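What follows is the residue order along each chain.
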Amino acid sequence: MTFVPRPAEACCAFCHATGSPTTCEDCRPETFLDGLTSVAPYGNAIVREALTNWKYHADPEMGKAIDLWIRQSVGARGFPGTLVPSGATITFLPLHASRRRHRGFDQAEEVARSLAAALGTTHQPLLQRTTATASQAQRSASERKVGDLDGIFETAGPVPESVIVCDDVCTSGATIDAAAEALKRAGAKRVWGFVVAQGSRP
Ligand SMILES: [Zn+2]
């Protein structure tokens, strides 16, 4: 696939204030995530369709295209640059075990795998879902606010100081911030997010 997505504008993961990928000063007191980098804006229809086909139809061609976009984006921008220490541990938001069995793969883990490969390292599982997830996840994604999902993740073992958490999409930031909350509770000092697509649903 020769299409290369236009990079997303650097912005706050929560209020989408532009100018910097770090969490803005207004959102910082309410949140745990230090910043977020993405490959493309969620408003990009080609990227959105690729993510949907990959996620729900396990389309391997879409998986390959997304892997390529991640590598190109990391290569072009030198992520994580100076904002995240180059030795940060790369991890991902885990699916429920039952959903993973049904789907056969975890797209967030595949994003972590691609990012790690692009940076010449490997990814590690650091998070697991808690039993609290089911009721909190009933609310539709568009209604979730930051803080609603805190408590849905816990750490699976010792946590490094700097972590990059990967997922496929970040819209409200509530899910990735719940992961940052769990990691910081366990001792992480800096938690950065990396997603394929970021921003509001069009
Ligand atoms: Zn903000």
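Within the secondary structure layout, Asp177 lies in helix H6 (residues 174-185). No salt bridge is formed by the buried Asp177, whose closest oppositely charged neighbour, Lys184, lies at an N-O distance of 7.5 Å. A distance of 2.8 Å separates a polar atom in the side chain of Asp177 from the backbone nitrogen of Leu33. Among residues more than four places away in sequence, those in contact with Asp177 are Phe14, Glu30, Thr31, Phe32, Leu33, Val146 and Asp150.

Another aspect to go through is the confidence of the model for the chain. Looking at the chain as a whole, its pLDDT mean stands at 86, while 88% of the residues score no less than 70. Predicted confidence in the chain is weakest over helix H5 (residues 133-137), with a mean pLDDT of 52, and strongest over strand S2 (residues 89-92), with 96.

Turning next to helix H1 (residues 45-57). Given a rise of 1.5 Å per residue, 13 residues ought to cover 18 Å, and the 17 Å separating the end C-alpha atoms of H1 matches this to within 8%. All of the buried residues along H1 are Val47, Ala50, Leu51, Trp54 and Lys55. Each buried residue of H1 sits inside an arc of 120° when the element is viewed along its axis, so together they form one side. Counted as exposed and oriented over 90 degrees from the buried face of H1: Glu49, Tyr56 and His57. The N-cap of H1, judged by a side-chain oxygen 3.0 Å from the amide nitrogen of Ile46 a few residues on, is Asn44. Positioned one or two residues after H1, Ala58 has a phi angle of 50°, which is positive.

Here the focus is the sheet that holds strand S1 (residues 35-41). Within a sheet, each strand pairs with its neighbour through backbone hydrogen bonds, oriented either parallel or antiparallel. On the basis of which strands lie adjacent, the open sheet formed by four strands has the order S1-S6-S5-S2 and parallel pairing. At either end of the open sheet lies a strand with only one pairing partner, and these are S1 and S2. When strand polarity is set aside, the average angle formed by the axes of neighbouring strands in this sheet is 25°. Where helix H4 (residues 107-118) meets the sheet, its contacts fall on S2, strand S5 (162-170) and strand S6 (190-198), and the angle it forms with S5 comes to roughly 125°.

Rules used in this analysis
- Residues numbered from 1 in each chain as written.
- Predicted model: local features only at pLDDT ≥ 70, side-chain atom pairs only at ≥ 80, totals over all residues.
- Heavy atoms only, no water.
- Helix = DSSP H or I, 4+ residues; strand = E, 2+ residues; numbered from the N terminus.
- Buried < 20%, exposed > 50% of the residue type's maximum accessible area, 1.4 Å probe, protein only.
- Lys, Arg positive; Asp, Glu negative; His and termini not counted.
- Salt bridge = Lys/Arg side-chain N within 4 Å of Asp/Glu carboxyl O.
- Polar contact = N/O pair within 3.5 Å; in protein donor to acceptor, adjacent residues only side chain to side chain.
- Contact = heavy atoms within 4.5 Å.
- pLDDT = per-residue confidence, 0-100.
- Expected span 1.5 Å × (residues − 1).
- Arc of directions from axis to C-beta.
- Pairing = 2+ DSSP bridges.
- Axes fitted to C-alpha atoms, helices over the stretch in contact; angles between N-to-C directions.

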